[in-house]
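Residues per chain are reported as follows:
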Amino acid sequence: MTKVPDSQTTTLTPADVSLSETDVHPIQTPSTSQPLEPQIKLDIEHALVEDDPRIWSNARKNVVLVIISGASMIAGLCANIQNPANAQIEQELHATPSQISLSLSLFILVQGNFPVIWSAISEFKGRKLVYLFSVALFILGSVIVAVSRNIGLVIGMRVIQAAGSSAVIAIGAATLADIYEPHQRGTMMGVYYSAPLLGPSLGSIVGGGLTQGLSWRAVFWFLVIWGGVIFAAFFFLFHDTFRKERSLAYQSVLKKQILEHKLRQARDAAQIEDTHVSEKKTSEEGGERQAVPKDVEAQPVVVPAAAIKEIKLSLADVNPFPPYLRILSRRNNVAILIPSGLLFAFSFSITYTCARTLDLYYDYDALRTGLVLLAYGIGSILGSILGGRWSDRTLARLKAANGGVSFPEMRLESTKIAMWFLPPSLVGYAWVCQERVNVAAICVMLFLAGFFSIWIYASTLAYIVDANTGRSSSAVATNSSFRGASAFVAAEIAVPLQDALGDGGLYTLWAGLMLIAQLLILLVLYRGKQWREASIERERQRSG
């Protein structure tokens, strides 16, 4: 066998390849018995990488933050920017209300579920390529929608738009994690997540103004321009933040290859020893052959350091679906994902049906419709900011009262105050619309509905992340799927229910659904810790 020079090798011991660890990278460590050689150290947060994004200048990091925040605004903007233009699209393309609903519901369904694909691709192709390809796809879909002459083409290209706009949902937060230390991420995530919340608010104004001043096609040409600006920013200003050494998928493949290498070494050693022993005759009575060690895990192994750098991932190595199933195997996750999906579906339904009500019964044009819907967006933004701060204060207070020990379910205590007001706000909105009272009352009720629903939603999203340590990206992606599926159903049934029950009946029904969602949140608050710990114990026993 050819001997590998020590200077190009990495020595591993059983502790070094523990599958419970998270990262591997070579560093130089001294040894009393042998020359300096690279050793494998496990630490996914601080693995040694070339051009470490964590030590970039603040200016460079801020550029990244601004770019991905602008890209994330696309996701919220293009989902709602169509609402003020729906009446004009329906008239010009001779579309039915159900076809308009389908164009919206398919958009949100695809946008909610496609991120899993982008997330997987980014794990072996990097962030920048995914951003560029997805934004290009979004621009293509927007151009074709803008020139469409029939509703079928609009629906199909809205699906392409949704797929393109969804990438930043999957990997935007991961990009921030690439460049910021854990203790810095909270503030930066707050800035990042404020952009998608601005999207629905600005979408109503921009969509209404462009539709009123030009036509509904101008809405989608605006999206083309915005997408082009974001594409140029990613191409010229964005430097890829992904480093495979800090990827769990990369670690999994590396550890698998290390174990395979150890097995091959053990087999080679056994063959050499067997050949040597068979040629040697026993010269003493009672002599015994010396057995070849069979415990592969107990033996050190030498792996060329260059081989570590040459590891390449494939799509099969980053299969995202098993983690989804693990998220759904926990009762506390399912119990919180259902209200999360209902809250998002409600927000999608109310902006869509309100635009329709204002057009049919108040004879509002697109611009004035957008201005009314702005009330809901402002309420949502304030609910997110204030609800998030209240959530942090509640968690800190309960942690202090519990002797400095916290657990994820404590955060849900902060939702109780909003639970008293959300259902009454929905009932109030239902009947001011039903009775066709002054539009100022609708604005007030929209503001309150947005404020209290997002207040609760912010805490449920934080809980989903906190309760799934080590699987937060899978948990967020699963939540996105639930949101997309729920909003799809809500958009499909909104118009039939609005026509059959009126706004009064429809949003009284939604108030009842919000009560059910709140009861599930309370169930997780009081029983979630027990369920979560039982699930963790089952998983530990299953993994041996």
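The coordinates are above.
Residues numbered from 1 in each chain as written. Predicted model: local features only at pLDDT ≥ 70, side-chain atom pairs only at ≥ 80, totals over all residues. Heavy atoms only, no water.

## Here's the deal with the packing of helix α16 (residues 422-434) against helix α17 (residues 439-466)
Here is step 1: Axis separation between α16 and α17 bottoms out at 9 Å; the angle between their running directions is 155 degrees. Considering their axes alone, α16 and α17 lie roughly antiparallel with respect to each other. Between α16 and α17 lies a crossing whose hand is left-handed. Between α16, through Leu-422, Ser-425, Leu-426, Gly-428, Tyr-429, Val-432 and Cys-433, and α17, the contact on the second element is made entirely by Ala-441, Ile-442, Met-445, Leu-446, Leu-448, Ala-449, Phe-452, Ser-453 and Ile-456.
Here is step 2: Classifying every residue of the contact of α16 with α17 by side-chain character gives 13 nonpolar, 3 polar and no charged. (Axes fitted to C-alpha atoms, helices over the stretch in contact; angles between N-to-C directions. Helix = DSSP H or I, 4+ residues; strand = E, 2+ residues; numbered from the N terminus. Parallel < 35°, antiparallel > 145°, perpendicular 65-115°, else oblique. Left-handed = near helix turned anticlockwise from the far one by under 90°. Contact = heavy atoms within 4.5 Å. Nonpolar A, V, L, I, M, F, W, Y, C, P; charged D, E, K, R; others polar.)

## Focus: the nonpolar core
Here is step 1: Within the largest apolar cluster, 55 residues are counted, with the highest numbers of intra-cluster contacts made by Ile-89, Ile-151, Trp-216, Phe-220 and Phe-234.
Here is step 2: When residues of this core are assigned to their parent elements, the largest contribution, 9 residues, is made by helix α1 (residues 58-80).
Here is step 3: Setting aside chain neighbours within four positions, we find Trp-216 in contact with Ala-85, Gln-88, Ile-89, Glu-92, Leu-93, Val-145, Ser-148, Val-154 and Thr-211.
Here is step 4: If you look at the next biggest cluster of nonpolar residues, it comprises 53 residues, including Met-419, Ala-430, Cys-433 and Ile-464. (Core = buried A, V, L, I, M, F, W, Y, C linked by side-chain atoms within 4.5 Å. Buried < 20%, exposed > 50% of the residue type's maximum accessible area, 1.4 Å probe, protein only.)

## Digging into the packing of α1 against helix α3 (residues 97-113)
The packing of two helices is summarised by the inter-axis angle and the distance between the axes.
Here is step 1: In the contact formed by α1 and α3, the axes pass within 10 Å of each other and the chain directions differ by 160 degrees. Overall, the two elements α1 and α3 adopt an arrangement that is roughly antiparallel. The two elements α1 and α3 meet at a crossing, and its hand is left-handed. Contact with α1, carried on its side by Ala-75, Cys-78 and Ala-79, involves Leu-104, Phe-107 and Gln-111 of α3 and no other residues of that element.
Here is step 2: A per-class count over the contact of α1 with α3 returns 5 nonpolar, 1 polar and no charged.

## Structural notes on empty space enclosed by the protein
Here is step 1: One pass over the full model with this rule turns up 3 cavities of 30 Å³ or more.
Here is step 2: Approximately 60 Å³ is the volume found for the largest cavity.
Here is step 3: In terms of lining, the largest cavity is formed by Ala-71, Ile-74, Tyr-131, Ser-134, Val-135, Phe-138, Gly-164, Ser-165, Ala-167 and Val-168.
Here is step 4: Counting residues per element, the ones that place at least two in the lining of the largest cavity are α1, α5 (127-146), α6 (151-165) and α7 (167-179).
Here is step 5: For the lining of the largest cavity, the element with the most residues is α5, which contributes 4 residues.
Here is step 6: Of the residues in the lining of the largest cavity, the class split is 7 nonpolar, 3 polar and no charged. (1 Å grid on protein atoms, 1.4 Å probe; cavity = no way out; pocket = protein on both sides within 12 Å on 5 of 7 lines; lining within 4 Å. Points joined across faces, edges and corners; volume = space filled by probe spheres on them.)

These results come straight from atomic positions and should not be treated as a statement about function.
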